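A structural walkthrough
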Amino acid sequence: MDKNPRFIYRILTDRERLHCHTVPQVAGRWAAKEAIAKAVGLSLRWHQVEILPDELGQPVATVSTL
């Protein structure tokens, strides 16, 4: 998945990159981050929203406004 590594590093956190190995996984994280930013009504940077799997593999979003 090295087609555009700059994009991946810009969009995903270090921990997210450990879990995203396919284009659909990256696209899903990107879409979810955009949806979260719109839903909370804040101008968030990509790395302020982190989406990681829980112990059952379900996605859990964490938003950092610092």
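Residues numbered from 1 in each chain as written. Predicted model: local features only at pLDDT ≥ 70, side-chain atom pairs only at ≥ 80, totals over all residues. Heavy atoms only, no water.

Counting its regular elements, the chain contains 3 helices and 2 strands. The secondary structure elements of the chain, listed N-terminal to C-terminal, are α-α-α-β-β. Expected size for 66 residues packed as a compact globule is a radius of gyration near 11 Å; at 12 Å, the chain falls within 12% of this value. Per-residue burial over the chain gives 29% buried out of 66 residues. Of the contacts formed within the chain by residues at least 6 apart in sequence, a portion of 27% connects residues at least 24 apart. When the accessible surface of the chain is totalled, it reaches about 4900 Å², and 57% of it is carbon and sulfur. Here the chain contributes 9 positively and 7 negatively charged side chains, and the mean placements of these two sets differ by 9 Å. (Helix = DSSP H or I, 4+ residues; strand = E, 2+ residues; numbered from the N terminus. Rg over C-alpha atoms; globule rule 2.2 N^0.38 Å. Buried < 20%, exposed > 50% of the residue type's maximum accessible area, 1.4 Å probe, protein only. Contact = heavy atoms within 4.5 Å. Areas by Shrake-Rupley, 256 points an atom, 1.4 Å probe, with all protein chains shown as cover. Lys, Arg positive; Asp, Glu negative; His and termini not counted. Charge placed at Lys NZ, Arg CZ, Asp CG, Glu CD.)

The next point concerns the pattern of salt bridges. Taken as a whole and assessed by the stated rule, the structure comprises 3 salt bridges. The partner of Arg17 in a salt bridge is Asp14, and the shortest N-O contact between them spans 2.2 Å. With a gap of 3 residues between them, Arg17 and Asp14 both fall in helix α2 (residues 14-19), about one helical turn apart. Residue Arg17 is classed as buried on the basis of its relative accessible area, which comes to 18%. Where Lys33 meets Glu16, a salt bridge forms, and the shortest distance between an N and an O atom there is 2.8 Å. Taken together, the residues span a long stretch of sequence, with Lys33 in helix α3 (residues 23-40) and Glu16 in helix α2 at a distance of 17 residues. (Salt bridge = Lys/Arg side-chain N within 4 Å of Asp/Glu carboxyl O.)

Moving on, we get to the nonpolar core. Of all hydrophobic cores here, the largest spans 6 residues; its members are Phe7, Ile8, Ile11, Leu12, Cys20 and Val26. The biggest single contributor to this core is helix α1 (residues 5-11), with 3 residues. Aside from chain neighbours lying at most four places away, what touches Ile11 is Glu16, Trp30, Lys33, Trp46 and His47. Membership of the second largest hydrophobic core comes to 5 residues, among which are Ile36, Ala37, Val49 and Ile51. (Core = buried A, V, L, I, M, F, W, Y, C linked by side-chain atoms within 4.5 Å.)

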